[in-house]
Amino acid sequence: MKKQLIHGAIILLGTIIIFMSMFLLINRYIDNEIEKMYTNYLEHEYGTKSNYVLEKSVDKDNLIILGSSELSSMVEQNPVNMFPNSDLDADVTIVGRAYVQSLLQSMNIATLGESAMTTEDPKTVAIVSLQWFQGDDIDISGFLANFSELQFYTLMYNEKISFENKKYICERLLEILETTAEYEDVKIYSTLYGKDTTLNQVILTVLQPYYRLNYEMLKFRDKYELYNKMKSIEVMQSSPEEVLEINWEKENEKAEQQGKMSCTNNPFYVEDEYYNTYIKDKVEELKNTGINVKFESKEREDFIHFLSICKDLGIQPYIIMMNTNGYYYDYIGINQDVRGELYDWVSEQCKKYDIDCLTLEEKEYEPYFMHDAMHLGWKGWLYVDYKISEYY
């Protein structure tokens, strides 16, 4: 009986060693293949980013811009076309898409923090939008479409992030994930961590080997999916990294002309096609529809904890509080005083954490600054590019 137990243990141990060896070999092979195929196309591509790309971007000392749907802008002045330049010699990585707000950006910044620990002063910009704060809470379906289980665990396993901030993230996730049957492991982890009792601590400690293994497998899947994506794209060459010689005054004149040619059929300085698609047929109905709108969403608390997590990590992002289209917002009844209170509030929160903030409130009525009702346009993106270049 004793010999059988020893024999079984040897077989089990041998199986584990073989499995781990194969896993490490495959992992190393994928790392090498990604390194061979890697291009800055992955950094410039609109959308959320794999952990690998985020970490690579920090290692390359890229300018990393966290944002939302404004990053999809097709105007020539989009940051992917304006860096590196003669004032800031750094390539750019854009991180985010529609519905990516402070809660998700907290997880993105935690992923950056994994590499930023060995990189002095990573160049990070976070663009904040007034629309995020509208209503009672963030858009749940939009959050779920962008949520990364891997980035959640990356945040939770980062020792620099405080217990209070991790607890807040867990509590928010429990609120949001109750609407879905997915992410049961995350729900259990968040419940055990968020409700800090002795019993929960013991259970979470017992489950740590499972969660750690799951975390490692998620990291492997992240790389494997990136590897398959790179293989599936026939032509994915790096953009030339030549430094653009920029005359900002001349670029501003060009942006003004492009905006003038694009906004010809409405009084809001909104791009023609956008106006025809989303506003023209209901312009009368839209009058004063936002008169009762308040910017009191739970996004406010999410934003405060984003700043706090940045402080935990020693990352000081340059916060850009994006303006909106003053002509359009006045028309729908969201008046300047309501908007101004939020601009001031964001600026005040940043000061509390010693984080620099550029508020674009004064640009609300500048023609061609906005592309549409809420997204930066020709002059808007150029101005942001200029201020970022000046800041860093």
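Because the structure is predicted, anything quoted here is derived from the model rather than measured. (Residues numbered from 1 in each chain as written. Predicted model: local features only at pLDDT ≥ 70, side-chain atom pairs only at ≥ 80, totals over all residues. Heavy atoms only, no water.)

Novice: So, the pattern of salt bridges: which residues are in play, and what are the values?
Specialist: Scanning the model with the defined rule gives 24 salt bridges in all. A salt bridge links aspartate 137 to arginine 172, with the nearest nitrogen and oxygen atoms 2.9 Å apart. Taken together, the residues aspartate 137 in the loop between β3 (124–128) and α5 (140–146) and arginine 172 in helix α7 (residues 163–177) connect sequence positions 35 residues apart. With its nearest N and O atoms 3.2 Å apart, the salt bridge here joins glutamate 366 to lysine 363. A relative accessible area of 23% means that glutamate 366 is categorised as partly exposed. One continuous salt-bridge network, built from bridges that share partners, spans Asp137, Arg172, Glu175, Lys298 and Asp302. (Salt bridge = Lys/Arg side-chain N within 4 Å of Asp/Glu carboxyl O. Helix = DSSP H or I, 4+ residues; strand = E, 2+ residues; numbered from the N terminus. Buried < 20%, exposed > 50% of the residue type's maximum accessible area, 1.4 Å probe, protein only.)

Novice: Outline the packing of aromatic side chains, supporting the account with residue identities and numerical values.
Specialist: Here the distance between the centres and the angle between the planes together describe a pair of aromatic rings. One pass over the full model with this rule turns up 32 aromatic pairs. When the ring of tyrosine 153 is compared with that of tyrosine 157, the centres are 6.4 Å apart and the planes differ by 25 degrees; the resulting orientation is stacked. Exposure class is identical for tyrosine 153 and tyrosine 157. Each is buried. An aromatic cluster is present here, built from Phe152, Tyr153, Tyr157, Phe163, Tyr189, Tyr193, Tyr210, Tyr211 and Tyr215 joined pairwise through their rings. Here the guanidinium or amino end of arginine 212 rests over the ring plane of tyrosine 157, the centre of that ring lying 3.8 Å away. A cation sits over an aromatic face here: lysine 363 above tyrosine 383, 4.3 Å from the ring centre. (Phe/Tyr/Trp six-rings, centres within 6.5 Å; stacked < 30°, edge-to-face > 60°. Lys NZ or Arg CZ within 6 Å of the ring centre and 35° of its normal.)

Novice: Summarise the packing of α7 against helix α8 (residues 184–194); cite the residues concerned and give the values.
Specialist: Close contact between α7 and α8 brings their axes to 9 Å; oriented N to C, the two are set at 135 degrees. The angle between the axes of α7 and α8 places the two elements in the oblique class. The element α7 and its partner α8 pack so that their crossing is left-handed. Of the residues in α8, those in contact with Phe163, Lys166, Lys167, Cys170, Glu171, Leu173, Leu174 and Leu177 of α7 are Val186, Lys187, Ser190, Thr191, Tyr193 and Gly194. Class assignment for the residues of the contact of α7 with α8 results in seven nonpolar, three polar and four charged. (Axes fitted to C-alpha atoms, helices over the stretch in contact; angles between N-to-C directions. Parallel < 35°, antiparallel > 145°, perpendicular 65-115°, else oblique. Left-handed = near helix turned anticlockwise from the far one by under 90°. Contact = heavy atoms within 4.5 Å. Nonpolar A, V, L, I, M, F, W, Y, C, P; charged D, E, K, R; others polar.)

Novice: Please set out the layout of surface pockets residue by residue, giving values where relevant.
Specialist: Roughly 630 Å³ of internal volume is contained in the largest pocket. Residue lining of the largest pocket: 28 residues in total, with Thr48, Lys49, Ser50, Ser148 and Asp222 positioned closest to the centre. Contributions of two or more residues to the lining of the largest pocket are made by α3 (51–59), α4 (102–116), α5, α6 (149–156) and α9 (198–232). Broken down by element, the residue count for the lining of the largest pocket peaks at six residues, all from α9. The residue makeup of the lining of the largest pocket, split by class, is 12 nonpolar, eight polar and eight charged. (1 Å grid on protein atoms, 1.4 Å probe; cavity = no way out; pocket = protein on both sides within 12 Å on 5 of 7 lines; lining within 4 Å. Points joined across faces, edges and corners; volume = space filled by probe spheres on them.)

Novice: Tell me what's going on with a nonpolar patch on the surface, and back it up with residues and numbers.
Specialist: On the surface, a nonpolar cluster with roughly 290 Å² of combined accessible area is contributed by Met22, Leu25 and Ile26. Among the secondary structure elements, methionine 22 is positioned in helix α1 (residues 2–37). (Patch = residues over 30% accessible without salt bridge, like charges linked within 9 Å, V, L, I, M, F, W, Y side chains within 5 Å. Areas by Shrake-Rupley, 256 points an atom, 1.4 Å probe, with all protein chains shown as cover.)

Novice: Go over the sheet that holds strand β2 (residues 92–95), please, and point to the residues and values.
Specialist: Spatial ordering of the open sheet is given by β2-β1-β3-β4-β5, a layout of five strands whose pairing is parallel. Of all strands in the sheet, those bounded by a partner on one side alone are β2 and β5 (357–359). Across the sheet, the mean angle from the axis of one strand to that of its neighbour is 20 degrees, orientation sign disregarded. Sheet topology places β3 next to strand β4 (residues 318–321); four bridges connect them, and they run parallel. Residue isoleucine 127 lies in a different strand from β4, and its bridge partner there is isoleucine 320. Strand contacts of helix α15 (residues 336–352): β4 and β5, with the helix running at about 170 degrees to β5, the strand carrying the most contacts. (Pairing = 2+ DSSP bridges.)

Novice: Residues and numbers for the pairing of strand β1 (residues 63–66), please.
Specialist: A two-sided burial pattern is seen for β1, the buried positions comprising Leu63 and Ile65 on one face and Ile64 and Leu66 on the other. Direction of pairing for β1 relative to β2: parallel, over a ladder of four bridges. Considered in β2, the bridge of isoleucine 65 is made with isoleucine 94. Bridge count for β1 against β3 is three bridges, and the pairing is parallel. When the sheet's bridge partners are listed, isoleucine 64 is paired in β3 with threonine 124.

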